[in-house]
Structures are given as structure tokens and as C-alpha cells.
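Summary of the model geometry
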Amino acid sequence: AIVVVVTAALVYQQTQHMGRLSNVGVRTDHVARVALQDAPTTPFRQEARVLSGVERVGAVRNLPLDGRTTTASLHSDRIADPLPSIYYPADYEALRILGFPLTTTDEWSEARYESGQVIVANDAATRALGFESAETALGALVTLERDTTRQVRIAAVVPNFYFRLVHEPPNEPVIFHHNPAEYRAALAELSPSREQAALAALTSTWQQFDPVNPPEVERYDTLVRSRFVTPLAETAGVLALVAALAALIGCLGLLGIATYTVQTRTREIGIRKALGATVSSVVGLLSKDFLWLVGGAVVLGLPLAWVLNHFWLRTLAYRIEMGALPFVLGAAGLGALALLAVGSQTLRAARVDPARTLRSE
């Protein structure tokens, strides 16, 4: 019961942590993703930019945190082997919408980036390519191998960010590159005060270009939560139910043992009361063995709970740090329930008139 209760508490904490999306390094609020499907990229973006409530519109293939990634290889004269990297085709507006703080030179511009001759890399990519810092990597010539092999320069560097909430840590090499042939979705920055109206307008505009396929217009933060947070929240709900059942079964077991113990020691209790034993001393005498049981469960259960939860939390990239609070509260709560179950029987037995007990015995 202790293991399941602690696990349910930690899963709930992890669900709340992932749901906030506060420190992932990517902007997810007030942003919408529109799957282009058969709609042409450029005409749709031109129409979407003039919609009320839409402040910017960009184009991407995949998004960080949407669960899908593609890869490309980088070659540099500073390293011997090609560097596999997470590859995001994205235009200049998409980078602005995602809110990356860029380290750039004075030559950074939309025209330069969308010429296709430069890339944006994260800190991990520049380090893996052999550069000591972001500043030393700016302007460096590298070879990008994706659909074709081309020479490109590193025009900007972004801090490391989470591109998945599970498995991959945020220190994997990532690059952004303007590649219109691979754009599959539009990315729109929405005005917070007119968000719902803007979503409806984006849907209506998209249907003008593609009346056949069903529209796929969704908020970016909702998309991320549906991929990662919702399954974990469902698991937390199941674990909470299992934890309640485990606690109930454990307390019922203690209640049954306490009832049996009191019945078999009725004569002893009566004699002790007749010789002057107080109610508190009798309760303490009867509860002593149960306290050893509960204490043994805590000593065995808490380390096991720590090991099991440490194991599954390590599979997540964006995770909480295990603190002492869930373990302390879990043990204290179950201990209180156990004492309530045992104390209800021992206290009732200790209050019985010894004359009536000995007469019947």
C-alpha cells in the first residue's frame, strides 16, 4: 500500500509539472498549428496573416514537443565523424513564434535565413561540432546532409530546449533550416484576447483551399498535452484508485487481526483492569505488536517506492525531482489509518468493565 500510494502521489506531481510547460524552452501558449494537408503553403499563409486575431504566420514540418522528429547529418572539419542531429524545417516567422532567444551577428535577417544557405543550431550542436561557445560557432561553415548535401553557415544559435518530454534530454544536437519542400503545417501566433475567433477564422480560411480533408487546427499547448500529459493523467487516476484499494485492504487486514487479538485476550484485559491498569496502558499493550507491523511495512515500503519511482522517472526528460514530502505524507497517512483501524478495537476492549468480563469468563 505504501509503494502504490507514494507512486500515485509522484505520478500526480509529474502530471502537474508536465502540464504547466513552463520551462521547456519553447513557447506553446497562444500558438496554433494548422496541418496544411492539400492546401498550398504560401497562399494559405498570405490569407491567414490578414485574419483578425492572427499576429504572425510561419511554416514548419514538425514542431518541438509534438512527438515527431526527423534527422540530418552535420559535417565539420573540427570533428572526424558526421554528427546526427534533430532537423526541423522552419521559416523565419516560425522561429519568432516559437520564442527562441537567438545569439546572432549583425548580419542576421529574414532574407539571409530564408536563402537556405544558413542554419540555426542549438548550443548542444555547436559543442558537438567542436566549438567552444555560441559566439565562436557563428559564421562557421558546415556541411548539411539531408535530402541533398550542401554547404551552410551557422547564422544563429539558440539555447538547448526540450523537443520531447520523454526519453531524449534537452542537450541533443538540434538544427533549424529553411526548407519549403518539407513544410507540412502552418504555425500561427494568436492574440490572447481573440484566440477562439482566430482559431475559427483559420479553420474557415483553410477550408477554402482544401474542402476535401477534415480541418486539423489545434492549439500548440493542447497538442503537447494530448501527446504527453493526458496519458500520464489517466495513469495517475488509475493509480489513485489502486492506492485507495490497497490502503483499504491493508486496513481491513489489520482490523481483522486486531479484532481476533482482542477476543483471545479478553480474560487478560479483565484481570489487568481489575488490578488497576489504566485504559491508556491497555491500549498501548494491545497496539504494540501492530506498531511493529506498521513500522516494518514503512521500513520495507519506502526504499522500494524510491527505487521503483526513480526508475520510471529516469525515462522522462522533463521530470520532477523526488522530494521527501510524498514519502513522509504517504507513510504518515497510512500509519494514521492503521492506528485508526487497530485503535478502534483496542480502545473498545480497554473500556469494558472488568467485572462483567471476568463474570462471563
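As shown above, the structure is provided for reference.
Rules behind the numbers
Residues numbered from 1 in each chain as written. Predicted model: local features only at pLDDT ≥ 70, side-chain atom pairs only at ≥ 80, totals over all residues. Heavy atoms only, no water. Axes fitted to C-alpha atoms, helices over the stretch in contact; angles between N-to-C directions. Helix = DSSP H or I, 4+ residues; strand = E, 2+ residues; numbered from the N terminus. Parallel < 35°, antiparallel > 145°, perpendicular 65-115°, else oblique. Left-handed = near helix turned anticlockwise from the far one by under 90°. Contact = heavy atoms within 4.5 Å. Nonpolar A, V, L, I, M, F, W, Y, C, P; charged D, E, K, R; others polar. Phe/Tyr/Trp six-rings, centres within 6.5 Å; stacked < 30°, edge-to-face > 60°. Buried < 20%, exposed > 50% of the residue type's maximum accessible area, 1.4 Å probe, protein only.

With their axes 9 Å apart at the nearest point, helix α1 (residues 2–20) and helix α8 (residues 220–264) run at an angle of 155° to one another. Between α1 and α8, the crossing angle belongs to the class labelled roughly antiparallel. Seen from above, α1 lies across α8 with left-handed handedness. On α8, the residues that touch V4, V5, T7, A8, V11, Y12, Q14, T15, M18, G19 and R20 of α1 are R225, F228, V229, L232, A233, A236, L239, A240, V242 and A243. In the contact of α1 with α8, the residues fall into 15 nonpolar, four polar and two charged.

Moving on to the packing of aromatic side chains. Under the definition given, this model contains eight aromatic pairs. Aromatic side chains F44 and F209 sit 6.2 Å apart centroid to centroid with 85° between the ring planes, which places their arrangement in the edge-to-face category. Of this pair, F44 sits in helix α2 (residues 41–49) while F209 sits in helix α7 (residues 195–209), and the two are 165 residues apart along the sequence. Overall, F209 belongs to the partly exposed group, its relative accessible area being 25%. Seen in terms of ring centroids, F100 and F176 are 5.2 Å apart; in terms of plane orientation they differ by 55°. Their pairing is tilted. Of the two residues, F100 sits in the loop between α3 (92–98) and β5 (103–104) while F176 sits in strand β9 (residues 174–177), which places them 76 residues apart along the sequence. Accessibility expressed as a relative area gives 8% for F100, which makes it buried. What makes F176 buried here is its relative accessible area of 1%. Each member of the aromatic cluster is reached from another via a ring pair, and the members are Y88, F100, F161 and F176.

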